[in-house]
Amino acid sequence: MRPLALLPRSRRPRRACAAAPVRAARPAMREADEQAVIGELLDFSPGDDIETGDDLFHRREGVQLAVMRKLRRGQYRCQAELDLHGMIVDVARHCLAVFLREALDRGYRCVRIVHGKGLRSGHRGPVLKVKVAHWLRQRNEVLAYCSARDNDGGTGAVYVLLRRG
């Protein structure tokens, strides 16, 4: 029997080694589509045709009309106020979220949010007014909102009725 001789490296038969992990294919187009949808949802403005003097009004199902009437007349005491005048959209969104969270934590039922009338927005119309209306509709803790009375800001502010914590 002859001793085993080592073959030069290039002639060695390749050993079957553990298969290298196969990378999962990334669905690049699906990810891009999902990002586009998220972007559209964040930028979507229901009623881009809201004008400077238009009243805002929204109530969730189950909120009685008598409650809305009282809210509209300013018969609920506003326990806190947030002024978003002159803020850029991203900052205003963050401030609104923090404000609503704190209002809920403190057990507030009615708050006022001043968004302005958009008089300096030019041809774009009232940017924050439209955005605030959209953001409030998305929040589960918001039962209803409507434009404030003239002495509380009129169409440049909203009364917001919050759900009990």
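Residues numbered from 1 in each chain as written. Predicted model: local features only at pLDDT ≥ 70, side-chain atom pairs only at ≥ 80, totals over all residues. Heavy atoms only, no water.

Moving on, we come to the packing of helix α3 (residues 89-105) against helix α4 (residues 127-138). Where α3 contacts α4, the two axes come as close as 11 Å, and the packing angle between them is 40 degrees. The orientation of α3 with respect to α4, classified from their angle, is oblique. As for the relative orientation of α3 and α4, their crossing is right-handed in sense. Between α3 and α4, the residues in contact are Val89, Ala92, Arg93, Leu96 and Leu100 and Val127, Leu128, Lys131, Trp135 and Leu136, respectively. Here the residues of the contact of α3 with α4 are counted per class, giving 8 nonpolar, no polar and 2 charged. (Axes fitted to C-alpha atoms, helices over the stretch in contact; angles between N-to-C directions. Helix = DSSP H or I, 4+ residues; strand = E, 2+ residues; numbered from the N terminus. Parallel < 35°, antiparallel > 145°, perpendicular 65-115°, else oblique. Left-handed = near helix turned anticlockwise from the far one by under 90°. Contact = heavy atoms within 4.5 Å. Nonpolar A, V, L, I, M, F, W, Y, C, P; charged D, E, K, R; others polar.)

The first and last C-alpha atoms of α3 sit 24 Å apart over 17 residues, in line with the 24 Å expected at 1.5 Å per residue. When we look at burial in α3, the residues that qualify are Ala92, Leu96, Ala97, Phe99, Leu100 and Ala103. With its buried residues spanning 165 degrees around the axis, α3 presents them on a single face. Every exposed residue of α3 that faces more than 90 degrees away from the buried side is listed here: Asp90, His94 and Asp105. Directly beyond the C-terminal end of α3, a positive phi value near 80 degrees is found at Gly107. (Expected span 1.5 Å × (residues − 1). Buried < 20%, exposed > 50% of the residue type's maximum accessible area, 1.4 Å probe, protein only. Arc of directions from axis to C-beta.)

Right, let's get into the pattern of salt bridges. Using the criterion set out here, one finds 5 salt bridges in the structure. Here Glu141 and Arg139 are joined by a salt bridge, their closest N and O atoms 2.7 Å apart. Take Arg139: its relative accessible area is 25%, and that puts it in the partly exposed class. Of the charged contacts in the structure, one is a salt bridge between Arg149 and Asp152, with a shortest N-O distance of 3.7 Å. Accessibility expressed as a relative area gives 34% for Arg149, which makes it partly exposed. Under the relative-accessibility criterion, Asp152 is labelled partly exposed at 22%. Taken together, the salt bridges that share partners define one network made up of Glu81, Arg112, Arg149 and Asp152. (Salt bridge = Lys/Arg side-chain N within 4 Å of Asp/Glu carboxyl O.)

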